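# Descriptive analysis of the structure
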Amino acid sequence: MKISIQINEGPYQHQASDTAYQFAKAAIKKGHEIFRVFFYHDGVNNASRFTIPPQDDRNIVNQWAELGIKNANSEPELVVCIAAALRRGMLDESEASKNGIDGNNIHPAFRISGLGQLIEAGIQSDRLVVFGD
Amino acid sequence: MLHTVNKSSFERNSLKSCINIIDDTSVILLIEDGVISATKNINSSMIANLANQGRVYALQGDVEARGISSKLVDNIKLVDYTGFVDLVVEHGTSVSWV
Amino acid sequence: MAIKKFMYLNRRSSFGTVYAIESLEVVLVAAAFDQDVSLAFIDDGVYQIIEGQNTNGIGMKNFSKTFHALGDYEINKLYVSAESLEERGLSADDLMPLVYEDEDDNWVEKSSVKVVSNAEISKIMSKQDVCFSF
């Protein structure tokens, strides 16, 4: 079955991203396809490649990256809402240069895109599960 | 339908709202702090009947993490994350009462 | 591709958190996808469409006006929980007069807001393919 996930909260503050990750891992192990994970609201903070948790804690960003959720064209299907991301200072290379900012922080396993990707995930998937506060 | 509730009934009204809305064929999965509502407490009457009908699940990892395994309401069904996935697959549309 | 039924479940009021405005943003984007869209306002979500909101004193955008645009995008199924209104001392008269023009009925202006019981919302919800909550 094709399953998509929406995550509304950032890492370490709420359990939402942890639960979603465990859910996604279990779904993949069962042979389901995670069509897309869409990060919205503070959920965009799950995509920061600058995240440095203490050594004895999980690295939520790397955990997501290691799941390697991609489409047939090898593009990441860990999708960060562009409007929510820019508001919160989460930028990829292209958005940084477009806005004249001297750095970018989106992990390469994620990509920035529009809200249409969330709707499309709802249309294309058999199930959509929301994790939030 | 599958309805997930992730907050304690002592903190939010999401479980109450969920129970007020769901139809007779829906099931509830308590996750994260929602598992606190799976324990025997002053609010238990909210879910006791549904649990007796076999329609209340709780995420085992969250129950164990919170040290409440021995305090659960009768007939709550425990599932792991794989069981969570199975519930999503089996029960159609998911509604999160966040 | 078959049209899917999408429900947007709104359970929080407008300004304390970002969820209400971002839910509305998704609804506006969704309009371009020609899907069957319903909005449900339950619990404090009913305050999102109350008449007379004024944000001058808090320095935030008064996006309640945007709800008036939904009718133009053929988003005209806004279900409001009668029980949630009553619990909060509100009635249908306290809500914004949101309307759409019915193309199947000589473009007559009709109300998009339907105050219904929780039992009715339950029936509508059980027919959905996707339920977004924020």
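Residues numbered from 1 in each chain as written. Chains lettered and ligands numbered in written order. Predicted model: local features only at pLDDT ≥ 70, side-chain atom pairs only at ≥ 80, totals over all residues.

The criterion, for reference: UniProt positions are given in the numbering used here, feature names are shortened, and annotations may be inferred rather than shown by experiment.
In the annotation of an unreviewed UniProt entry, chain C is listed under the name Sulfurtransferase complex subunit TusC and assigned to Candidatus Vesicomyosocius endoextente. One UniProt comment on chain C, placed under Sequence similarities (unreviewed entry), says "Belongs to the DsrF/TusC family."

As recorded by an unreviewed UniProt entry, chain B carries the name Sulfurtransferase complex subunit TusB and is attributed to Candidatus Vesicomyosocius endoextente.

## Side note on the environment of Phe-131 of chain A
Residue and element names in this part refer to chain A. Rules: Secondary structure elements are taken from DSSP: a helix is a run of H or I of four residues or more, a strand is a run of E of two residues or more, and numbering for both begins at the N terminus. Exposed residues have 12 or fewer other C-beta atoms within 10 Å of their own C-beta, buried residues have 20 or more, and partly exposed residues fall in between, where C-beta atoms are placed from the backbone.
Tracing the backbone shows Phe-131 in strand β5 (residues 127-131). Residue Phe-131 is classed as buried on the basis of its 28 C-beta neighbours within 10 Å. For the pair Phe-131 and Ala-16, spaced 115 residues apart in sequence, the C-alpha separation works out to 5.2 Å.

## Observations regarding the pairing of strand β3 (residues 56-59) of chain B
All names here are of chain B. For clarity, the cut-off: A strand pair is defined by DSSP finding two or more bridges across the two strands. Viewed with both strands pointing away, a crossover whose connecting path from the first strand over the helix to the second turns clockwise is right-handed.
Of the two faces of β3, both are covered, the one formed by Val-56 and Ala-58 as well as the one formed by Tyr-57 and Leu-59. Note that strand β2 (residues 27-30) and β3 share three bridges and pair parallel. In the sheet register, Leu-29 faces β3, and the bridge partner there is Tyr-57. Assessed by its sense of winding, the connection that carries the chain from β2 through helix α2 (residues 45-52) to β3 is right-handed. Direction of pairing for β3 relative to strand β4 (residues 77-79): parallel, over a ladder of three bridges. Looking at β4, one finds that Leu-59 is bridged to Val-79. Each parallel crossover has a hand, and for β3 linked through helix α3 (residues 60-65) to β4 it is right-handed.

## Details of the interface of chain A and chain B
For clarity, the cut-off: Any residue pair is listed as a contact if its two C-beta atoms, each placed from the backbone, are within 7 Å. Three residue categories are used. Nonpolar comprises Ala, Val, Leu, Ile, Met, Phe, Trp, Tyr, Cys and Pro, charged comprises Asp, Glu, Lys and Arg, and polar comprises the others, including Gly.
On the chain B side, the residues contacting the 17 residues of chain A number eleven residues. For the side of chain A that touches chain B, the secondary-structure elements that each account for two or more residues are α1 (16-29) and β5 of chain A. A per-class count over the side of chain A that touches chain B returns eight nonpolar, six polar and three charged.

## Some thoughts on the packing of α1 of chain A against helix α2 (residues 60-67) of chain A
All names here are of chain A. So the rule is basically this: Helix axes use the C-alpha atoms of the stretch in contact, all axes being lines fitted to C-alpha atoms, and the angles between their N-to-C directions lie in the range 0 to 180 degrees. In this scheme, roughly parallel covers angles under 35 degrees and roughly antiparallel covers those over 145, while 65 to 115 is roughly perpendicular and the rest are oblique. If you view the pair so one helix is near and one far, a crossing is left-handed when the near helix is turned anticlockwise from the far one by less than a right angle, and right-handed when it is turned clockwise.
Where α1 contacts α2, the axes come no closer than 11 Å and their chain directions differ by 20°. With respect to each other, α1 and α2 are oriented roughly parallel. Crossing of α1 over α2 shows left-handed handedness. Touching Ser-17, Asp-18, Tyr-21, Ala-24, Lys-25 and Ile-28 of α1 are Ile-60, Gln-63, Trp-64 and Leu-67, all from α2.

## Structural notes on the pairing of strand β4 (residues 110-113) of chain A
Residue and element names in this part refer to chain A. Of the two faces of β4, only the one carrying Phe-110 and Ile-112 is buried; Arg-111 and Ser-113 on the other face are not. As judged from the four bridges shared by strand β3 (residues 78-81) and β4, these two strands associate in the parallel manner. Note that in β4 the partner of Val-79 across the bridge is Arg-111.

## Things to note about the interface of chain A and chain C
Much of the literature gives interface size as the accessible area that the parts lose upon coming together. Counting residues at the interface gives twelve residues for chain A and 16 residues for chain C. Among the elements of the structure, α5 (116-124) and β5 of chain A are those that each provide at least two residues to the side of chain A that touches chain C. Of all the elements, α5 of chain A adds the most residues to the side of chain A that touches chain C, at five residues. Here the residues of the side of chain A that touches chain C sort into seven nonpolar, five polar and no charged.

## Observations regarding the nonpolar core
Put simply, the test is: Under the definition applied here, buried Ala, Val, Leu, Ile, Met, Phe, Trp, Tyr and Cys residues are grouped into a nonpolar core through C-beta atoms within 7 Å.
If you look at the biggest cluster of nonpolar residues, it comprises 104 residues, and the most contacted ones within it are Val-37, Phe-39 and Val-80 of chain A together with Leu-30 of chain B. Apart from residues lying up to four places away in sequence, Val-37 of chain A is in contact with Ile-5, Ile-7, Ala-24, Ile-69, Glu-77, Leu-78 and Val-79 of chain A.

## Let's talk about the sheet that holds strand β6 (residues 113-116) of chain C
Residues and elements named next belong to chain C. Within the open sheet, the five strands sit side by side as β6-β3-β2-β1-β7. Their pairing is parallel. Because the sheet does not close on itself, it has two edges, and the strands there are β6 and β7 (130-133). Sheet twist, expressed as the mean angle between neighbouring strand axes with direction ignored, is 25°. The pairing of strand β3 (residues 78-81) with β6 spans four bridges and is parallel. Pairing of Leu-78 across the sheet is with Val-113, part of β6. Against the sheet, helix α1 (residues 19-30) touches β1 (5-10), β2 (36-41) and β7, its axis set at about 165° to β1. Lying on the sheet, helix α3 (residues 118-125) is in contact with β1, β2, β3, β6 and β7; it crosses β3 at an angle near 140°.

## Some points on the sheet that holds strand β5 (residues 94-96) of chain B
What links the strands of a sheet is backbone hydrogen bonding, and the strands pair in either a parallel or an antiparallel sense. All names here are of chain B. Read from one edge to the other, the open sheet built from five strands follows the order β4-β3-β2-β1-β5, with strand pairing classed as parallel. The open sheet terminates on both sides in strands that have one partner only, identified here as β4 and β5. Looking at each pair of strands side by side, their axes are set apart by 25° on average, direction ignored.

## Quick word on α1 of chain C
Let me state the cut-off plainly: How far a helix is expected to stretch is found by multiplying one less than its residue total by 1.5 Å.
When the terminal C-alpha atoms of α1 of chain C are compared, their 16 Å separation across twelve residues agrees well with the 16 Å that a helix rising 1.5 Å per residue should span. All buried positions along α1 of chain C are accounted for by Tyr-19, Ala-20, Glu-22, Ser-23, Leu-24, Val-26, Val-27 and Ala-30 of chain C. Contacts from the buried residues of α1 of chain C go to α5 of chain A together with β1, β2 and β7 of chain C.

## A word on helix α4 (residues 81-90) of chain B
Residues and elements named next belong to chain B. For clarity, the cut-off: For this quantity, the arc is that covered by the directions from the helix axis to the C-beta atoms.
Buried within α4 we find Tyr-81, Phe-84, Val-85 and Val-88. When α4 is viewed along its axis, its buried side chains cluster within an angular range of 100° and face the same direction. Looking at the residues trailing α4, positive phi occurs at Gly-92, about 75°.

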